[in-house]
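# Understanding the architecture of this molecule
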Amino acid sequence: MYAPASPEDGVWVLVDRLWPRGLSKEKTQVHWWAKEPAPCDPLRRFFAHDPGKYPGFLRRHQKELKGHPALERLRALIQEKTVALLFAAREEPYHNARALPEILGQEQEP
């Protein structure tokens with residue numbers, strides 16, 4: 001979210017429940033602020049970007065999103081265009097934007 005935009009990024013989708021501090025909504029290039037697939041506040045606080053909690057976070061987040069219409073909208077957008085899932089966390093390896101592709105893939109399995 002704090003990195004500069006690139007034309008190769010395609011559609012920018014912010015997948016955080018909270019808007020990033022210090023960034024103006026008017027000046028960013030976010031196309032869709034997708035709050036719905038972001039983790040609920042209790043789950044977000046539980047995870048707190050702790051790498052040791054990531055497996056538990058992923059399971060809980062998948063359960064929270066099962067059948068959610070926002071996942072279908074996101075899946076359809078990804079099938080049509082290049083999509084960059086944005087997040088505001090500074091801890092890049094462990095954030096909810098990393099979890100979404102895993103969750104989307106698991107949702108499609110029979």
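This text gives an overview of the structure that appears in the document.

Rules and cut-offs
Residues numbered from 1 in each chain as written. Predicted model: local features only at pLDDT ≥ 70, side-chain atom pairs only at ≥ 80, totals over all residues. Heavy atoms only, no water. Helix = DSSP H or I, 4+ residues; strand = E, 2+ residues; numbered from the N terminus. Core = buried A, V, L, I, M, F, W, Y, C linked by side-chain atoms within 4.5 Å. Buried < 20%, exposed > 50% of the residue type's maximum accessible area, 1.4 Å probe, protein only. Contact = heavy atoms within 4.5 Å. Pairing = 2+ DSSP bridges. Salt bridge = Lys/Arg side-chain N within 4 Å of Asp/Glu carboxyl O. Expected span 1.5 Å × (residues − 1). Arc of directions from axis to C-beta. 1 Å grid on protein atoms, 1.4 Å probe; cavity = no way out; pocket = protein on both sides within 12 Å on 5 of 7 lines; lining within 4 Å. Points joined across faces, edges and corners; volume = space filled by probe spheres on them. Nonpolar A, V, L, I, M, F, W, Y, C, P; charged D, E, K, R; others polar.

## Considering unusual backbone geometry
Despite not being glycine, Ala 48 has its phi angle at roughly 50°, a positive value. Counting through the fold element by element, Ala 48 comes out in the loop between helix 1 (41-47) and helix 2 (54-65). Even without glycine at this site, His 49 takes up a positive phi of about 60°. Tracing the backbone through its elements, the reader meets His 49 in the loop between helix 1 and helix 2.

## Re the nonpolar core
Counting 22 residues, the largest nonpolar core has Val 13, Val 15, Leu 74, Leu 85 and Leu 100 as its most contacted members. It is helix 4 (residues 96-108) that contributes the most residues to this core, five residues altogether. Residues in contact with Leu 100, not counting those within four places in the same chain, are Val 15, Pro 37, His 61, Leu 65, Leu 71, Leu 74 and Leu 85. The next biggest cluster of nonpolar side chains, apart from the first, holds six residues, and it includes Leu 14, Val 30, Ala 84 and Leu 86.

## What about the sheet that holds strand 1 (residues 11-14)?
Pairing is parallel in the open sheet, where three strands are placed in the order 2-1-3. Where the open sheet ends on each side, the last strands, each with one partner, are strand 2 (32-33) and strand 3 (83-86). The pairing of strand 1 with strand 3 spans four bridges and is classified as parallel. Opposite Val 13, over in strand 3, you have Leu 85 as the bridge partner.

## A few points about the pattern of salt bridges
In total, this model carries two salt bridges according to the counting rule given. Between Asp 41 and Arg 44 there is a salt bridge, and its shortest N-O distance comes to 3.1 Å. You can see Asp 41 and its partner Arg 44 sitting in helix 1, three residues apart, about one turn around the helix. Taking relative accessible area as the criterion, Arg 44 reaches 31% and is therefore assigned partly exposed. Arg 75 is paired through a salt bridge with Glu 72; the nearest N and O atoms lie 2.6 Å apart. Taken together, the residues Arg 75 and Glu 72, both in helix 3 (residues 69-80) and three residues apart, mark about one turn of the helix.

## Notes on helix 3
With twelve residues, helix 3 should cover 16 Å at 1.5 Å per step; its first-to-last C-alpha distance of 17 Å lies within 8% of that length. Among the residues of helix 3, those classed as buried are Ala 70, Leu 71, Leu 74, Arg 75 and Leu 77. Buried positions in helix 3, seen along its axis, are confined to an arc of 165° and lie on one side of it. Opposite the buried face of helix 3, by more than 90 degrees, sit the exposed residues Pro 69, Arg 73, Gln 79 and Glu 80.

## Some details on the layout of surface pockets
Approximately 430 Å³ is the volume attributed to the largest pocket. Lining the largest pocket are 19 residues, with Leu 18, Arg 44, His 49, Ala 88 and Ala 89 sitting closest to its centre. With three residues, the top contributor of residues to the lining of the largest pocket is helix 1. Taken together, the residues of the lining of the largest pocket sort by class into eleven nonpolar, two polar and six charged.

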